[in-house]
Amino acid sequence: MAGKLVLPGSNTSMQQLIKSDRSMFMASDDNAMLKQIQATHSPDGRDIDVKPILNIVEDILSRATLTVDSILPGVLHGQTQNVEDKVQQASAIAMLDALSYIIDRISCEIAYKCLGGGDGHQTTVSLLNMLSNYSWDAKLVLTLAAFALHYGEFWLLAQIYSSNQLAKAMAILKQLPIIMEHSGPLKPKFDALNNLIRAMLDLTSCVVAFKEIPSAYVAHDVPALAAAANTIPTAVYWTMRGVVACAAQISSLTSMGHEYGTSTMEAWELSTLAHKINNIYEHLMKQLYICNQLIEEKRNNESYEALQKIFEMIHIDNMKVLRALIYARDDQPPLFDGASKRKVNLDILRRKNVLLLISSLDISPDELSILEQIYNESRQHATRLDNLYEVVWIPIVDRSVQQWTDPIQKQLQADRSVQQLTDPMQKQLQADRSVQQWTDPMQKQLQANRSVQQWTDAMQKQFESLQSTMPWYTVVHPTLIDRAVIRFVKERWHFRNKPILVVLDPQGKVVSPNAIHMMWIWGSNAFPFTSLREEILWKEETWKLELLVNGIDQTVLNWIRDDKYIFVYGGDDIEWIRRFTASARSVAQSARIPLEMVYVGKSSKKEQVRKIVTTITNEKLSHTWQDLMIWFFWTRLESMLFSKIQLGRIDDHDPMMQEIKKLLSYDKSGGWAVLSRGASVVVNGHGTKVVPTLLEYDLWKEHIATKGFDRSFKDHYDMLHGTEHPCCRFEFLSTAGTGRIPEGMKCPECLRAMEKYITFCCCHDENPSTAAFY
């Protein structure tokens, strides 16, 4: 073949070098070979930061490792990409200044052995002896750096020889034009090279990650670390052996031509070597995962304890507390201002009353709508600067899902044996952020995992959608909320799934662990949202209709102002509603009293309530409320109960709370109605007694002349009610958490201690799991 230089005996020696790797399976578990590897290891204690070099090597090999379809000159020309540098050049140059000599020696040794036809095992041992004074991770990185010089030069010429005369002349000497012309038959070999190089980089990054494990968190005798230490010498050996094999393949192409590269046997041997390295990699990654579990658990505990101390200290302002809760990265503003639509620093909250709105991404539109209305009203009617407060949304994202889908996905797909580890891993994942550190070696695989990208995109869109609707401050991204903060929020502030509103005073002191109930009941009138303010507001309240409907419906407030008789009623039985409204109108007409009625639905069964509202409207039975108004009515009622629970006064002798508890109980069983005259409540009654009272009007109408309508109605209702008490029931979400589920409750009807049960409910528009108290 014209232009082809053949060294005497080179074909035979090269074949011998490649085929010598066929014995790798017999030697893979040979204790003698392991002892031989360890005998070469005699580190002198020098500490080398190999990551800058490894980053450069990864950059070279990622640009040089191309698919066969893209190695043709016409395709390669002008294909350069602007990739961000992974390492500061100054750091890399300083490191390479001291290591360039050994890298050149390794490169020469590999080239010499490959051309001389040395045995793959012996060549690897020779390299290990040359690097005996270096640590295991340094041996790997330096060997890969030497290979990157040779391999990078090959592909650099392939990419530019068609447009650069100097490169063209050099490429001819290496037979690159001929190799490129016959790239099709070389595809199996290049694919095998790509896979092996990727496997070597992964394993090298994994070994380097073990070097960075802090001994203060993981002792050397930890089983996972000990197991890894026993495996790393083998990992280093096979990775270096892979380097020798790859170098031999490239040398064979440039010295013997493309005819040599058409053999599929060598491609199979490269694939077998890649499989071997991948198996070692997966084993080490499991150990690395366990080690990082321990590290993150200890770090998380340290961060949590530090956070506790910060909240126990006295501060001159709230900055230290806010910075502990919201982590600002790279000096980037951590908050997004919903009013100006720009990023701002935490300093904007200095010495202000701050309400931390803590929720998941599943916060309901109803909650946001009412909160926004209250917030905007507070801005419009604020007359003094000290009346202003700031709201900051703290999104709590379940990172256990991300952790499971990110770094473990590749292992689950590649190694069935990982399934044996999934149960304990899953439990740990729900509690820890451990995998964040060991994802670095797998970063490229993670970026290529499309399922992870889809998950991330969906969550990002959901977060951005919520953020765009909020007029207050929000955290720029959920990742700024550390895992220790999430743990603190759950354990100290009892956050589960429902939003909470933690109030910090201008010095960062928690003055209310959850003011969401105060916000629903009194809105901005509850400022400064302290527990003391909550106590004062309750002392000012009385059992009147305004307490139930305030801020919901101006029409009802107008009825109250006009001193009309008003029935506020609810339930999900349309036949009972028809009987009740017909009886009420008949009694009102007979007694000649001005009567108005409003249907307020139920706290659950939204779809059924919507149908009932439509029926009531079509049949003109009474005034009705829409979804948001109904939701707010029942949320305020529940908030009144939770507010008392939070204050520790759920069963004090408070007639108002007994009436509120009755309403919440009636909501769980049939219809009910509250009768008032103007603001004064006459009867708060269960449907089984209210309708009979109306139907038996003839029995008590004679008393109206002397007692009045109000007293006559109430006396007859009390007489019927005294014969039988309705069964009372309360339900609390099992995720409500400590502080929101009372240890015990008294029945609002008979005042006896209620028994506690647990029930499971399934309803399409409700939370499927509830804890019920009867």
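Preceding block: the structure.
Every chain is numbered on its own, with residues counted from 1 as its sequence reads. pLDDT decides what is reported in this predicted model: residues at 70 or higher carry local features, side-chain atom pairs at 80 or more are listed and counted, and totals for whole chains, interfaces and linings draw on all residues regardless. In computing side-chain properties, one takes all heavy atoms of the structure into account and sets aside hydrogens as well as water.

(A) View of the packing of aromatic side chains. Any Phe, Tyr or Trp ring, taking Trp's six-membered ring, that has another such ring centre within 6.5 Å forms a pair; planes under 30 degrees apart are called stacked, those over 60 apart edge-to-face, and the others tilted. For the coordinates displayed, the defined rule picks out 28 aromatic pairs. With a centroid separation of 5.4 Å and 50 degrees between ring planes, the pair formed by Tyr569 and Tyr599 is classed as tilted. On the criterion of sequence distance, the pair formed by Tyr569 in strand E8 (residues 565-570) and Tyr599 in strand E9 (residues 595-599) is long-range, its members being 30 residues apart. Of the two residues examined, Tyr569 and Tyr599, each falls in the buried class. Lysine NZ or arginine CZ positioned within 6 Å of the ring centre and within 35 degrees of the ring normal marks a charge as sitting over the ring. In this arrangement the basic side chain of Arg46 is found over the ring face of Tyr134, its NZ or CZ atom lying 4.4 Å from the centre. Note that Arg379 overlies the ring of Tyr389, its terminal NZ or CZ placed 5.4 Å from the centroid. Secondary structure elements are defined from DSSP: runs of H or I of at least 4 residues count as helices, runs of E of at least 2 residues count as strands, and each element is numbered from the N terminus. When a residue's accessible area, from a 1.4 Å probe over protein chains only, is under 20% of the maximum for its type it is buried; when over 50% it is exposed; and in between it is partly exposed.

(B) Spatial organisation of helix H25 (residues 531-540). Glu534, Leu537 and Trp538 are the residues of H25 that are buried. Buried residues of H25, viewed axially, fall in a sector of 100 degrees; they line one side. Exposed residues lying more than 90 degrees from the buried face of H25 are Leu532, Lys539 and Glu540. This arc corresponds to the set of directions leading from the helix axis out to the C-beta atoms.

(C) Region of interest: the environment of Thr123. As for its placement among the helices and strands, Thr123 is situated in helix H7 (residues 120-130). Overall, the relative accessible area of 2% leaves Thr123 in the buried class.

(D) Here's a closer look at the packing of helix H28 (residues 574-591) against helix H32 (residues 687-695). Here an angle of 0 to 180 degrees is reported between the N-to-C directions of two axes, which are lines fitted to C-alpha atoms, with helices fitted over the stretch in contact. Interaxial distance between H28 and H32 falls to 9 Å at its minimum, and their mutual angle equals 35 degrees. Handedness of the crossing formed by H28 with H32: left-handed. Along its contact with H28, which presents Trp576, Phe580, Ser583, Ala584 and Val587, the element H32 presents Gly687, Val690, Val691, Leu694 and Leu695. Gly is put with the polar residues, along with every residue not named as nonpolar or charged; the nonpolar set is Ala, Val, Leu, Ile, Met, Phe, Trp, Tyr, Cys and Pro, and the charged set is Asp, Glu, Lys and Arg. Counted by class, the contact of H28 with H32 contains eight nonpolar, two polar and no charged residues. By the definition used in this description, the sense in which the near helix is turned from the far one sets the handedness, with an anticlockwise turn below a right angle giving left-handed and a clockwise turn giving right-handed. Contact between two residues is taken to exist if any of their heavy atoms lie within 4.5 Å; hydrogens are not considered.

(E) The pattern of salt bridges, seen in detail. When a carboxyl oxygen of Asp or Glu is within 4 Å of a side-chain nitrogen of Lys or Arg, the pair counts as a salt bridge. Taken as a whole, this structure holds 25 salt bridges when the rule is applied. Its salt-bridge partner being Arg610, residue Glu607 comes within 2.4 Å of it at the nearest N-O pair. Taken together, the positions of Glu607 and Arg610, both in helix H29 (residues 606-619) and three residues apart, correspond to about one turn of that helix. Look at Arg610 and you get partly exposed, because its relative accessible area is 32%. Across the pair Lys714 and Asp718 runs a salt bridge whose closest N-O atoms are separated by 2.8 Å. Taken together, the residues Lys714 and Asp718, both in helix H34 (residues 704-723) and four residues apart, mark about one turn of the helix. Overall, the relative accessible area of 35% leaves Asp718 in the partly exposed class.

(F) Region of interest: the nonpolar core. As used here, the term nonpolar core means buried Ala, Val, Leu, Ile, Met, Phe, Trp, Tyr and Cys residues forming a set that is joined through side-chain atoms within 4.5 Å. Membership of the largest hydrophobic core comes to 99 residues, with the highest contact counts inside it found for Phe567, Phe580 and Ile660. At eleven residues, the largest contribution of residues to this core is made by helix H30 (residues 627-647). The residues contacting Ile660, other than those within four sequence positions of it, are Trp538, Trp543, Leu547, Leu637 and Met640. Judged by nonpolar contacts, the second largest core, of 81 residues, contains Met33, Val50, Phe154 and Val236.

(G) Up close: the environment of Asp191. Structurally, the position occupied by Asp191 is in helix H11 (residues 187-211). Sequence separation between Asp191 and Ser271 is 80 residues, and the spatial gap between their C-alpha atoms is 8.9 Å.

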